[in-house]
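# Fold and geometry: a report
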Amino acid sequence: MVNFPTIDIAASGLAAERFRMEVTANNLANASTTMTDNGDPYRRQAVVFAAAADSMANPKSAAALHGVQVVGVQPDATEFPTVYNPSHPHADADGFVRLSNVKIPEEMVDLITASRSYEANTKAISVFKEMVEQTLTLLQGGQ
């Protein structure tokens, strides 16, 4: 079996960006959730990436890098915004409701960025495939 690190690196980017899009979609879906099981509004989640490294290679060499990996999902620690709405079922004694800390414009930027990164990784795989096909054609004598 032939190993193609170029494809492996781009595939890791595809997987990481797909996961980021899923988390972003979940944030958007819960943007108006004012009460979760723990009693707080929905807290925005953020994906954390790191460079994937080969444990067998020298960690300081370029050969040690093998794309990207998701190392976790962290809750956004920003404060929950509040709004005065005494008729809301989750209002406190003073009539204030704590809202989710999800900001729709930021989530849309994250979604667009993840989508563009996904497209770039797809293009990298496509270009690599074309290069391999052209190389095989040249090796066959241009037939």
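Attention here is on the structure that accompanies the text. Fair warning: this is a prediction, and the values are worked out from it, not measured in the lab.

Each value, and the rule that gives it
Residues numbered from 1 in each chain as written. Predicted model: local features only at pLDDT ≥ 70, side-chain atom pairs only at ≥ 80, totals over all residues. Heavy atoms only, no water. Helix = DSSP H or I, 4+ residues; strand = E, 2+ residues; numbered from the N terminus. Polar contact = N/O pair within 3.5 Å; in protein donor to acceptor, adjacent residues only side chain to side chain. Contact = heavy atoms within 4.5 Å. Buried < 20%, exposed > 50% of the residue type's maximum accessible area, 1.4 Å probe, protein only. Salt bridge = Lys/Arg side-chain N within 4 Å of Asp/Glu carboxyl O.

### Remarks on the side chain of Asn-121
Here Asn-121 shows up in helix α2 (residues 104-139). At a separation of 3.0 Å, a polar atom in the side chain of Asn-121 contacts the main-chain carbonyl oxygen of Ser-117. Residues within four places of Asn-121 in sequence aside, it is in contact with Ala-10, Gly-13 and Leu-14.

### Here's the deal with the environment of His-90
As for its placement among the helices and strands, His-90 is situated in the loop between β3 (82-84) and β4 (96-98). Judged by relative accessible area, His-90 falls into the partly exposed class, the value being 33%. Placed 51 residues apart in sequence, His-90 and Gly-39 show a C-alpha to C-alpha distance of 9.5 Å. Beyond its immediate sequence surroundings of up to four residues, His-90 is in contact with Thr-34, Met-35, Phe-96 and Val-97. Only 2.6 Å separates the side chain of His-90 from the side chain of Thr-34, close enough to count as a polar contact.

### Digging into the pattern of salt bridges
Under the counting rule described, the total for this entry stands at seven salt bridges. One salt bridge in this structure joins Arg-44 and Glu-107, with 2.4 Å as the shortest N-O distance. Linking Arg-44 in the loop between α1 (5-29) and β1 (45-53) with Glu-107 in helix α2, this pair joins segments that are 63 residues apart in sequence. Arg-44 is the salt-bridge partner of Asp-110, the closest N and O atoms lying 2.8 Å from each other. Here Asp-110, found in helix α2, pairs with Arg-44, found in the loop between α1 and β1; they are 66 residues apart in sequence, far enough to count as distant. Exposure remark for Arg-44: the relative accessible area of 11% places this residue in the buried category. The network of salt bridges with common partners includes Arg-44, Asp-76, Glu-107 and Asp-110.

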